[in-house]
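Close look at the chain arrangement
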Amino acid sequence: MLKKVFIKTFGCQMNEYDSNRIYESVSKIGYKKTHNMDEANCYILNTCHIRDKAKEKVYHEIGRVKKNFKSKDKPIVIVAGCVAQAENNEMIKREPYIDIVIGPQAYHKINDSILNYSQKNEKNEETDFDSILKFSYFDKIKNENTKVSSFLTIQEGCDKFCKFCVVPYTRGPESSRSFYKILDEAKQLISNGSKEITLLGQNVNAYLYEKNGKEYRLSDLIMELDKFPELKRIRYTTSHPIDMTDDLIQCYAKSKKLVPFIHLPIQSGSDKILKLMNRNHTVEYYLSIYKKLKKINPEIEFSSDFIIAYPGETNKDFEDTIKLIKKLKFINSYSFIFSPRPGTAASNLNLIDKKLAKERLKIAQNELFLNQILKNKKSENKVINVLVENKMKNQEKFFGRAEHMTAVIFDGKKDIEGKIVPVLIENSNQNNLFGKLKINKSVIAA
Ligand code: SAM
Ligand code: SF4
Ligand code: F3S
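Residues numbered from 1 in each chain as written. Chains lettered and ligands numbered in written order. Predicted model: local features only at pLDDT ≥ 70, side-chain atom pairs only at ≥ 80, totals over all residues. Heavy atoms only, no water.

1. Considerations on the domain arrangement of the protein
When cut into domains, the protein gives domain 1 (3-130), domain 2 (142-259), domain 3 (288-377) and domain 4 (383-437). Put simply, the middle of domain 1 and the middle of domain 3, counted by C-alpha atoms, are 34 Å apart. Taken together, the contacts link five residues of domain 1 with four residues of domain 3. Here domain 1 and domain 3 share an interface that buries about 400 Å² over both sides, 50% of which is from carbon and sulfur atoms. The largest contributions to the domain 1 side of the interface with domain 3 come from His-49, Arg-51 and Asp-52, which together make up 88% of the buried area. Viewed at the interface, domain 3 and domain 1 are joined by four residue pairs in polar contact (both at pLDDT 80 or more). Its residues assigned to classes, the side of domain 1 that touches domain 3 comprises two nonpolar, one polar and two charged. (Domains from an automatic or database assignment. Contact = heavy atoms within 4.5 Å. Buried area = accessible area lost by both parts, 1.4 Å probe. Polar contact = N/O pair within 3.5 Å; in protein donor to acceptor, adjacent residues only side chain to side chain. Nonpolar A, V, L, I, M, F, W, Y, C, P; charged D, E, K, R; others polar.)

2. So, the site of ligand 2
Ligand 2 sits among Cys-158, Lys-160, Phe-161, Cys-162, Phe-164, Cys-165, Val-167, Pro-168, Asn-203, His-240 and Arg-279. Within the shell around ligand 2, the residues separate by chemical class into seven nonpolar, two polar and two charged. (Near = heavy atom within 4 Å.)

3. A short note on the site of ligand 3
Around ligand 3 sit Cys-12, Asn-15, Thr-47, Cys-48, His-49, Ile-50, Cys-82, Arg-171 and Gln-202, and those are all the residues in its vicinity. Broken down by class, the residue content of the shell around ligand 3 amounts to four nonpolar, four polar and one charged.

4. Digging into the pattern of salt bridges
If the charged atoms of two oppositely charged side chains come close together, the side chains can form a pair. A complete count under the given rule lists 40 salt bridges for this structure. Across the pair Lys-4 and Glu-39 runs a salt bridge, and its minimum N-O distance is 3.4 Å. Remark: Glu-39 occurs in the loop between strand S2 (31-33) and strand S3 (42-47) and Lys-4 occurs in strand S1 (residues 3-9); sequence separation between them is 35 residues. The class of Glu-39 is partly exposed, set by a relative accessible area of 36%. Close ionic contact of Glu-301 with Lys-375 constitutes a salt bridge, the shortest N to O distance being 4.0 Å. A residue pair is termed long-range when its members are at least 10 positions apart, and Glu-301 in strand S15 (residues 301-303) and Lys-375 in helix H14 (residues 354-379) qualify at 74 residues. The buried category is assigned to Glu-301, whose relative accessible area is 17%. Residues participating in the shared-partner salt-bridge network are Arg-21, Glu-24, Asp-139, Arg-177 and Glu-185. (Salt bridge = Lys/Arg side-chain N within 4 Å of Asp/Glu carboxyl O. Helix = DSSP H or I, 4+ residues; strand = E, 2+ residues; numbered from the N terminus. Buried < 20%, exposed > 50% of the residue type's maximum accessible area, 1.4 Å probe, protein only.)

5. Quick notes on the state of the cysteines
Within the structure shown, the criterion is met by zero disulfides. Looking at Cys-42, it has no disulfide partner, and the nearest cysteine sulfur is the one in Cys-82, 19 Å off. (Disulfide = S-S within 2.5 Å.)

6. Quick look at the pairing of strand S19 (residues 397-401)
Taken together, the four bridges between strand S18 (residues 383-391) and S19 define a ladder with antiparallel strand orientation. Opposite Lys-391, over in S19, you have Phe-398 as the bridge partner. Counting the residues in the hairpin turn of S18 and S19 gives five residues, including Asn-394, whose phi is positive at 55°. Pairing analysis gives five bridges linking S19 to strand S20 (residues 407-411), with the strands arranged antiparallel. Following the sheet pairing, Phe-399 is matched in S20 by Ile-409. Once S19 ends, the chain turns through five residues before running back antiparallel as S20, passing Met-405 with a positive phi of about 85°. (Pairing = 2+ DSSP bridges.)

7. Brief notes about the environment of Glu-299
Inspection of the secondary structure assignment puts Glu-299 in the loop between helix H12 (283-296) and S15. The exposure class assigned to Glu-299 is exposed, which follows from its relative accessible area of 52%. It is 8.3 Å that separates the C-alpha atoms of Glu-299 and Phe-261, two residues lying 38 residues apart in sequence. Once you skip the residues sitting within four places of it in the chain, Glu-299 turns out to touch Pro-260 and His-404.

8. Brief notes about the packing of aromatic side chains
Each aromatic ring pair is characterised by the separation of its centres together with the angle its planes make. Counting across every chain of the model gives 13 aromatic pairs. For the pair Phe-164 and Tyr-310, a centre-to-centre distance of 6.3 Å together with 80° between the ring planes defines the contact as edge-to-face. Of the two residues, Phe-164 sits in the loop between strand S8 (155-156) and helix H7 (167-170) while Tyr-310 sits in the loop between strand S16 (305-308) and helix H13 (315-328), which places them 146 residues apart along the sequence. Accessibility expressed as a relative area gives 10% for Phe-164, which makes it buried. (Phe/Tyr/Trp six-rings, centres within 6.5 Å; stacked < 30°, edge-to-face > 60°.)

9. A few points about the sheet that holds S1
One open sheet accounts for six strands, arranged S2-S1-S3-S4-S5-S6; its pairing is parallel. Two strands bound the open sheet, and with one partner strand each, they are S2 and strand S6 (124-126). Across this sheet, the average inter-strand angle for adjacent strands is 20°, counted without regard to direction. Bridge count for S3 against strand S4 (residues 76-80) is five bridges, and the pairing is parallel. In the strand pairing of S4, Asn-46 is matched with Ala-80. Along the sheet, helix H1 (residues 13-27) contacts S1, S2 and S3; its crossing angle with S1, the most-contacted strand, is approximately 170°. (Axes fitted to C-alpha atoms, helices over the stretch in contact; angles between N-to-C directions.)

If you want it as structure tokens, here you go:
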């Protein structure tokens, strides 16, 4: 009998990438991907631990699965991802409906864990940090999940230990994948139709691979990818300001495909808070990177992450953040109230009053959203280049993205998926641009 596997994914793009690789791994032991959870013989929850009540959310979700399968055969239930890493065996003890707990650096063991469970009924927990083995395992399995815009993980883990962040504990130490294996996977994706590749890592610009005395950095990868004629756009995320080295900055001058957009989290506009967070850089340093990039290309846009109401944040510190948002006019940014993470250095600090924290978040988000709305408004009545990702379900419309990542919904025509096309923007809101394909003959072949 054909077995089916269903994965529900929370968290960042790296989890999304991992889930797709897990689908490919388990297909080797006879599990076919399904979009319908009800028919799953194996249910995998790929979890995120970055903020809020992540752990409780997982038990809640497992409770729903339990209810759903009450009158059906129980699937093998696997908790993967960052909560699995943080909670390990405790999860099976607390919720015996869970059969396997597997951390993000142990996915090379997922097939064995499933086989072991299905043959011997043995529950198990795999939470060793072994990203090198994980990389080499997945290097041997073809990445068949090709989309117009594809993710490609090049680096895992983090050694920076920002005081608020759980990532160094859930993903382990920084580790970079082989330069050549990354290029092999990129070649596969491109030959299967990818036109855009986003290089991924928790600290993607800390990428450093050494072989035979030679060092390979993110800038080398970008310049190598630049040579593939069929590839149209290159992105990377997420970066730390400290690792924005000059070789990487120069890629914005040299590369023809690196988009003029960078997601560069700053977290706060106050040097005092940055120091308390252990970010190891100042606002001035961030501004120096901003200026260098804008000098190379004034069209480069920035987005960022902000943690609001970090313990110790005064009104003045918060105002400094707002000033920075107004000054740099970030687009597409993320902002959240500080959420204490168990096991991190900031976990026991005195929290800022909830009501005040919420008020500050609202003010910060209003500023960020305003930047976004104004930036989108500016595109109205202009023609912009859009990489077409897909035709929208049940509609005669297409979905694509502008270079600055903004989602574009537009009236198009047949056979434009995977192409960069000129779209006349007629309307906009905070998150989207709306328009129509400019003229048929000016479609830029991809
Ligand atoms: N490596 C990236 C950097 O250095 O900025 C960030 C990666 S982290 C997975 C993504 C974002 O989650 C962070 O930039 C931060 O804004 C947010 N985040 C992390 N821990 C948080 C916490 N405890 N509370 C609220 N937001 C948090
Ligand atoms: Fe977390 Fe990023 Fe800091 Fe690493 S650099 S600890 S991933 S916020
Ligand atoms: Fe979440 Fe883990 Fe990514 S905590 S943000 S899934 S690295």
